Amino acid sequence: MDFNVKKLASDAGVFFTRAVQYTEEKLGQAEKTELDAHLENLIARADCTKNWTDKIFRQTEVLLQPNPSARIEEFFYEKLDRKIPSRITNAELLGQYMQDAAKDFGPGTPYGSTLITVGEYQKRLGGAEREFLQTSAINFLTPLRNFLEGDWKTISKERRLLENRRLDLDVCKARLKKAKLAEAKAAAEHELRVAQTEFDRQAEVTRLLLEGISSTHVNHLRCLHEFVEAQAAYYTQCHKHMQDLQKELSSANGDTFPNAFAVNASTSGVSTGPSPLSTATLPGASSPSRPPNPSNALEPSTLKIEEVKPPATGTRKAKVLYDYDAADTSELSLLADELITVYTVPGMDPDWLIGERGNQKGKVPVTYLELLS
């Protein structure tokens, strides 16, 4: 191997003198040249920018891709400079499973046809998610990564050079103090002037790079706006898809489940009073007032509680939130925390359900329940 022995010995000597100077500074046995206040502030600002950019970058990666194995796979594809293969989203996979299940259950059955509809909308949600992930990766993650793997590495390299130049400068200052002979002092002064020039030049280069952090903040601010816009567009698409799905299911299954897909008053623009479940799920909420019991909640001339039969589909489990004392024989008394089966029947007031507990049956107020399934 061809190498310069003198240069190797010289480099080793420089490294040794720097190590000695650094150690003596740490032990308080040598003086240290301090950087000017402006440069120190720039360095502190740069370190803060790097630390928070790294945390934001890594957490955004987790947000966009929660699967650590998938993140590792994408990392290797990027390092190998290969295109990352397209990966199906969980919503798209769920939609495909629903549609495949509908083929086995029978697409003409109520359950099968609903699976097909819901599966299609799950695929649309997955498509919106895929677009959001791609947009966010390009417009937000990539600029952050470029800063951490490009600009910051350059800044770190120049800062290490500046630290070495400072150590060399302090070594020369120490030699000048120790020089006794005139020739030794002259040589030490010359070395000091050279070291001071190199230190000043490196300090200026480092300062210019650190001042560029302001431009980095401006660039990252623009990228942050684009990320928020992508998020807003994604959630708007999801909201629209779910509204369309609710309307489609409501029109298709309204006769079977009259209360299952009720449109929220705030989105329909029709004021229907407070939601019957608005206070039922608030922790620490007091027992709601007894709902009105209109005479037509169940038409007595045509339907009696003992004659009500649960539907083939549409029954649900409910947890009782508060004790409730039946007002008459058509109602069912409730105890807090017990589980009952509930369902509705055509023509029934929406504030009430039919509740069953063993052989007991009666009307129960919706505001006293938390529907579980």
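Here, every reference points to the structure presented above.
Residues numbered from 1 in each chain as written. Predicted model: local features only at pLDDT ≥ 70, side-chain atom pairs only at ≥ 80, totals over all residues. Heavy atoms only, no water.

Caption draft 1: Local environment of the overall build of the protein chain. Check the secondary structure of the protein chain and you find 8 helices and 5 strands. Each helix and strand of the protein chain, ordered N terminal to C terminal, gives the series α-α-α-α-α-α-α-α-β-β-β-β-β. Burial analysis of the protein chain (373 residues in total) assigns 31% to the buried set. At a minimum sequence separation of 6, the contacts of the protein chain that also span at least 24 residues come to 68%. Split by element, the accessible area of the protein chain, about 23800 Å² in all, is 56% carbon and sulfur. (Helix = DSSP H or I, 4+ residues; strand = E, 2+ residues; numbered from the N terminus. Buried < 20%, exposed > 50% of the residue type's maximum accessible area, 1.4 Å probe, protein only. Contact = heavy atoms within 4.5 Å. Areas by Shrake-Rupley, 256 points an atom, 1.4 Å probe, with all protein chains shown as cover.)

Caption draft 2: Geometry of the packing of aromatic side chains. For the structure on display, the rule yields 8 aromatic pairs. Relative to phenylalanine 227, the ring of phenylalanine 140 has its centre 4.7 Å away and its plane inclined at 15°; by these criteria the two rings are stacked. One end of the pair, phenylalanine 140, is in helix H5 (residues 110-178); the other, phenylalanine 227, is in helix H7 (residues 213-253), with 87 residues separating them in the sequence. With a centroid separation of 5.0 Å and an interplanar angle of 65°, the aromatic rings of tyrosine 324 and tyrosine 368 are classed as edge-to-face. Separated by 44 residues along the polypeptide, tyrosine 324 in the loop between strand S1 (316-320) and strand S2 (339-343) and tyrosine 368 in the loop between strand S4 (360-365) and strand S5 (369-371) bring together distant segments of the chain. Take tyrosine 324 and tyrosine 368: they sit in the same class, and that class is buried. Through a chain of ring-to-ring contacts, the aromatic side chains of Phe132, Phe140, Phe227, Tyr234 and Tyr235 assemble into a single cluster. Over the ring of tyrosine 121 we find arginine 124; its NZ or CZ atom is 4.5 Å from the centre of that ring. Positioned above the aromatic ring of tryptophan 352 is the side chain of lysine 363, whose terminal nitrogen or guanidinium carbon lies 5.5 Å from the ring centre. (Phe/Tyr/Trp six-rings, centres within 6.5 Å; stacked < 30°, edge-to-face > 60°. Lys NZ or Arg CZ within 6 Å of the ring centre and 35° of its normal.)

Caption draft 3: Quick peek at the pairing of strand S3 (residues 352-357). Across the 6 residues of S3, 5 count as buried, placing the element largely inside the fold. Direction of pairing for S2 relative to S3: antiparallel, over a ladder of 3 bridges. Within the sheet, the bridge partner assigned to threonine 341 lies in S3 and is glutamate 356. Sheet topology places S3 next to S4; 6 bridges connect them, and they run antiparallel. Bridging across to S4, glycine 355 finds its partner in glycine 362. The antiparallel pairing of S3 with S4 creates a hairpin that spans 2 residues between the two strands, and glycine 358 there sits at a positive phi of about 65°. (Pairing = 2+ DSSP bridges.)

Caption draft 4: The nonpolar core, seen in detail. Counting residues in hydrophobic clusters, the biggest one holds 31 residues, and the most contacted among them are Leu39, Phe132 and Leu210. Looking at this core, the elements with two or more residues in it are helix H2 (37-64), H5, helix H6 (182-211) and H7. Among the elements that line this core, the one with the most residues is H5, at 13 residues. The next biggest cluster of nonpolar side chains, apart from the first, holds 21 residues, and it includes Ile305, Ala318, Leu334 and Val342. (Core = buried A, V, L, I, M, F, W, Y, C linked by side-chain atoms within 4.5 Å.)

Caption draft 5: The arrangement of the environment of alanine 128 in detail. Note that alanine 128 resides in helix H5. Alanine 128 gets classed as buried once you look at its relative accessible area, which sits at 5%. Once residues within four sequence positions are removed from consideration, alanine 128 is found in contact with Tyr234 and Gln237.

Caption draft 6: Structural detail: H2. For H2, which comprises 28 residues, the first-to-last C-alpha distance of 40 Å matches the rise-based estimate of 40 Å (1.5 Å per residue) to within 8%. Looking at H2, one finds that the buried residues are Leu39, Leu42, Ile43, Ala46, Thr49, Thr53, Asp54, Phe57, Thr60 and Leu64. Between the side-chain oxygen of the N-cap and the backbone nitrogen of histidine 38 there are 3.1 Å, and the N-cap of H2 in question is aspartate 36. (Expected span 1.5 Å × (residues − 1). Polar contact = N/O pair within 3.5 Å; in protein donor to acceptor, adjacent residues only side chain to side chain.)

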